[in-house]
Amino acid sequence: MSLHRVLSFLVSFCLINLIISINVHVVTGHSLVHQESLLLHLKESLQFNPVKSKKLVHWNESDSYCQWTGVSCNKGHVIGLDLSEEFITGGLNNSSLFNLHYLQSLNLAYNVFRSPIPSEIKKLKNLKHLNLSNAGFYGQIPKEISYLKNLVTLDLSTPFTSQNTLELKNPNVAIYFQNLTEIKELYLDGVRVSSGGKEWCRGLSLLRKLQVLSMASCNLSGPIDSSLSKLRSLRVIRLNLNNMSSSVPKFFVDFANLTTLQLGNCGLTGVFPKGIFQIQALKILDVSDNEHLQGSLPELLQDGYLLEALNLSNTNFSGQLVSSISNLKHLSTLDLSDCQFNGTLSASLSELAKLVHLDLSFNKFTGFLPSFNKSKNLQYLSLFHNELNGVVSSTLWEGLSNLHTIDLGDNFFSGRVPSTLFTLPSLQELTLSHNEFEGFLDEFPNATNSKLELVDISINKLQGPIPMSFSLLKRLSLLQLSLNQFNGTIKLERFQTLPNLDVLGLSHNNLLVDATTIENNPSLPPFPRLSMLLLASCKLKEFPSFLRNQSQLRLLDLSNNQIHGTIPKWIWKFEFMIILNLSKNFLTDLEKPFENPGSNLLRLDLHSNQLQGTVPMITKYGSHLDYSSNKFNSFPSDIHKYLQFTYLLSFSNNSFGGQIPESFCNSSSLRLLDLSHNNFDGSIPECLTARNDNLRVLNLAGNKLTGHIPDTLSNSCNLRVIDLDSNTLVGAIPKSLAYCQKLQVLNLGNNMLNNEFPCFLGNISTLRVLILRSNRLQGPIRCQHSTNNWEMLHIVDLASNNLTGMVSGSLLQRWTKMMGDDNEAHKRYGSLFFDMFDNHDTIRFKDLITIIDRVIVMKLNQMLVGESPSVVDHLFAYLVTANELGGRYLDSVTVVNKGVELGFTFGFGLIILPLIFWKRWRLWYCKNMDDLLHKIFPQLEFVYEQLGEQRYRNLRCFSKLWEFGVFDGDVTAP
């Protein structure tokens, strides 16, 4: 080849390369300019708050767009865009955003777009990471999401409480996910999914690379399908707040990489697989709020567990706290509250050095409190509502400088309260209520530097003066010392130096509270603005005048004091007052006119005073109104206007007369109506029994009512208690009572009712107390053709009627719960209980009786009292204070021996009948019940009686009955 040709070729080659290079730079430069213009156009099209913006507001042409906040580039191409938390509003339709074709990551989280997700999202085919969470998008998720085949992370989470949420309805889940085979992390929390268990599980099973599955509160239904077992790469499963209504799949045990399993509040049932506890990689396990989920803690014998948080709260887990729990070396959060755990607290708990949060409340743990000295990071400790006992030593708290909450309430701890508890440097809340602490409280040092905000040591046996140290706790907001034995005089002015004090409770001690000096000391600051003040049984003789300036009061209890005279009108002016208790004083009238009368008052208690005249209706929103035990004699004509929201209403033991006003029938919210022990006459208004859908307790006892009991009870009857005792009612017992399928107490005693024994009441399986004594019932006590079991019947009183013939043995044998063992019966059937409200919290107070006035229980107590002092005991002897609104009442045994009548005690049931007994039953009783009676009443002595050819041990009281001829005829062996 000639030199000329070579040179010619080289020149041509260089020219071609130069032209290509020039064209490439021109095209690239144009492309990069286009990227910048797209971003600027995007900024102009978006509506955002420039004051709050930290990204968009700084976008301008003076800087390279790749340097703009929120923008990431690669060789000039925009590959990442983060506009989260920019307070953007409005939609994205026809936005230049979707022309940024090089985008690999897009984050629009935490904005307020208020629009559906645009279908143009499909144009961003290079996207690997898409985050639209909590951005205000709503409606159906577009199927175009499935075009984004390169997605590795997808987050469409929406707030659980949002009304406008994203939905995944049609097409099915599989259509959305069939192309997203590269996805590793999927967050759909709060998205409404309409697919059933098999459908959503099988759709997700296509995502074989999935590592994070987060679908909390997605309206998912169960059961969890076995197709999910294909996702062996799963590290995180978060399905809480759904309604699976199924068991926990056993194949979860095979997810060896699992670090997080959250299934809280999913309606789970069955037994939790123990193998899940043994997954070595597991760090977070939460199956809380599944009250039907059973299980127990397995032995944790291996090393290398990584578990950091274990939450089994509000489940049916049971058993003991295994000692091998100490092998969970990384455990920082342990929440076993509201379960059925029992046994002692293992000393191995003391070995959990990294423990920060420990909640074992609402269980049945017993024994002593272990030391937590090695848990130097412990911040929260709750052992509330267990059966722990022993002394709480001061050495238990050494070195716990980070502890901010201690709750040892509702146990059986005893001894003195160590003053070191009050000196823990980080402590903010201390609860020791409902225990058996006793003795004096010592003063504690450095109170002015304390961080204590809440101190509750109520319901103990603490004595002596209240320490002055409490008055130095500058951060204190709640001080509850009620129901102890503190004594001496306490001046309320000592609390004036506590600016944050919000709740003060001094009720039911042996204190004399002096509130007279508060406004007389100008050197002290104004009294703190309280929301709750409890001064019951504090020997007050007048209304404290400083109260008139307490504008934030929500609860005021001045009951059981010595306050005389007039209720001042300023007490009704408190705008936020919800509960006012002035009961058990010597109040005679109310100052008028009322100022802003109780606009928000929900509970008003004026019982046991000397108020008279017309009932003052103070509030139109009262849910609990108690005017009982006064001298009121008339109602206002517009009383119905004040009862629209009333649940509990008592006018018992006053001086009302005449007809019962039918206006009570218009109070559709009433749960309890007590008009007992007045002078009402005439007939019972039919509307009282006809409109009973909500009424739980109807008490008209001790009046002068006449006529028939209305037979107007409907099949929606919700009554639990009917007490019509001591009137002059006539006629038959109405058969419509059988509609009251939740009735527990029926007292029709001391009237003039006739007809036969009401066998139809046997259809009420919940009936526990049946009092028909002192009427004119006649005929045999038998239910010949009835198969009713009277399953729950504990107390029957049929004495003083005209009943004849033999007591049917088959009838007595049906009352089986009278023969049950005390402990077994309590465990299985619980105590007499009235659910006044349909929405009571059965989880938090599952073993407490819901709200019921003590007055009602005390009246049940008196049902069999009044004819003779030989009626011993009472029906409900044991009161456990539950809260300010109610309590728990346990049944006790009652024995009646009245000469011609005999009380049979079976378990904790009682029956009183005329003495006409079946021989086989009589002998069975003699042989089996004496031991029980002797245990209950050891003062009764055993004697031995010769009955025919056999010799039986008996009790002296019943031996006397034989002498009186109560038992006639020969007794033969059964």
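Residues numbered from 1 in each chain as written. Predicted model: local features only at pLDDT ≥ 70, side-chain atom pairs only at ≥ 80, totals over all residues. Heavy atoms only, no water.

## Description of the pairing of strand β16 (residues 316-320)
- With two bridges connecting them, strand β14 (residues 294-295) and β16 associate as parallel partners. Its bridge partner being in β16, glycine 295 is matched across the sheet by phenylalanine 317.
- Where β16 lies against strand β18 (residues 340-344), three bridges are found, and the strand directions are parallel. Within β18, the position partnered with glycine 319 by the bridge is phenylalanine 341. (Pairing = 2+ DSSP bridges. Helix = DSSP H or I, 4+ residues; strand = E, 2+ residues; numbered from the N terminus.)

## Some details on the nonpolar core
- Core analysis: the largest hydrophobic core is formed by 236 residues, its most contacted members being Leu81, Trp397, Phe470, Leu492, Leu506 and Phe664.
- Top element by residues in this core is helix α1 (residues 3-45). It accounts for four residues.
- Setting aside residues no more than four positions away along its own chain, phenylalanine 664 makes contact with Phe635, Ile639, Leu643, Leu649, Phe651, Leu670, Leu673, Leu675 and Leu688. (Core = buried A, V, L, I, M, F, W, Y, C linked by side-chain atoms within 4.5 Å. Buried < 20%, exposed > 50% of the residue type's maximum accessible area, 1.4 Å probe, protein only. Contact = heavy atoms within 4.5 Å.)

## Some remarks on the packing of aromatic side chains
- Counted by the stated rule, this structure contains 27 aromatic pairs.
- Both rings, one in phenylalanine 251 and one in phenylalanine 255, keep their centres 6.0 Å apart while their planes meet at 70°; by these two values the pair is edge-to-face.
- What makes phenylalanine 255 buried here is its relative accessible area of 1%.
- Three or more aromatic residues joined by ring pairs form one cluster here, namely Tyr627, Phe632, Phe635, Phe651, Phe656, Phe664 and Phe680.
- Lying across the ring of phenylalanine 87, lysine 52 places its NZ or CZ 5.0 Å from the centre.
- Looking at lysine 620, its charged tip hangs above the ring of tyrosine 642, at a distance of 5.9 Å from the centre. (Phe/Tyr/Trp six-rings, centres within 6.5 Å; stacked < 30°, edge-to-face > 60°. Lys NZ or Arg CZ within 6 Å of the ring centre and 35° of its normal.)

## Focus: helix α3 (residues 197-204)
- The set of residues buried in α3 consists of Gly197, Trp200, Cys201, Gly203 and Leu204. Buried residues of α3, viewed axially, fall in a sector of 160°; they line one side.
- Buried residues along α3 sit in contact with α2 (173-177), β8 (185-187) and β10 (212-214). (Arc of directions from axis to C-beta.)

## With respect to unusual backbone geometry
- In this structure, the amide linkage connecting glycine 222 to the following residue, proline 223, adopts the cis form with an omega of 0°.
- For proline 223, the location among the structural elements is in the loop between β10 and β11 (236-238).
- A cis amide bond, omega 0°, links lysine 592 with the succeeding residue proline 593.
- Position of proline 593 among the secondary structure elements: in the loop between β37 (586-590) and β38 (603-605).
- Positive phi, normally seen in glycine, also occurs at glutamate 85, with a value near 55°.
- Within the fold, glutamate 85 resides in the loop between β2 (77-82) and β3 (105-107).
- Under the relative-accessibility criterion, glutamate 85 is labelled exposed at 53%.
- A positive phi angle is found at aspartate 289, which is not glycine, with a value near 60°.
- Mapped onto the fold, aspartate 289 is located in the loop between β13 (284-286) and β14.
- Taking relative accessible area as the criterion, aspartate 289 reaches 36% and is therefore assigned partly exposed.

## Brief notes about the side chain of threonine 619
- Along the chain, the position of threonine 619 falls in the loop between β39 (612-614) and β40 (624-626).
- Among the polar contacts listed, one links the side chain of threonine 619 to the backbone oxygen of leucine 601, at a separation of 3.0 Å.
- A polar contact of 3.0 Å, which involves the side chain of threonine 619, links it to the backbone nitrogen of tyrosine 621. (Polar contact = N/O pair within 3.5 Å; in protein donor to acceptor, adjacent residues only side chain to side chain.)

## Notes on the sheet that holds strand β51 (residues 752-753)
- Taken together, five strands build an open sheet; the order of strands is β43-β45-β47-β49-β51 and the sheet is parallel. On the outer flanks of this sheet lie β43 (657-658) and β51, each paired with one strand and no other.
- Where strand β45 (residues 679-682) meets strand β47 (residues 704-708), two bridges bridge the pair, whose relative direction is parallel. Among the inter-strand pairings, glycine 682 is bridged to a residue of β47, identified as leucine 705.

## Some words on the environment of phenylalanine 645
- Here phenylalanine 645 is to be found in the loop between β41 (631-634) and β42 (648-650).
- Its relative accessible area of 42% is what places phenylalanine 645 among the partly exposed residues.
- When the C-alpha positions of phenylalanine 645 and leucine 602 are compared, they lie 8.9 Å apart, and in sequence the two are 43 residues distant.

## Some thoughts on a nonpolar patch on the surface
- Side chains of Ile578, Leu602, Tyr621 and Phe645 sit close together on the surface and give an oily, nonpolar patch of about 350 Å² of accessible area.
- Assignment of secondary structure puts isoleucine 578 in the loop between β35 (564-567) and β36 (579-581). (Patch = residues over 30% accessible without salt bridge, like charges linked within 9 Å, V, L, I, M, F, W, Y side chains within 5 Å. Areas by Shrake-Rupley, 256 points an atom, 1.4 Å probe, with all protein chains shown as cover. Salt bridge = Lys/Arg side-chain N within 4 Å of Asp/Glu carboxyl O.)

## A short note on the sheet that holds strand β7 (residues 166-168)
- Strand order in the open sheet formed by three strands is β5-β7-β9, and the pairing between neighbours is parallel. Both outer strands of the open sheet, β5 (139-140) and β9 (192-193), are each paired with one neighbouring strand and no more.
- Relative to β9, β7 runs parallel, the two sharing two bridges. Across the sheet, the residue bridging to glutamate 167 is arginine 192, located in β9.

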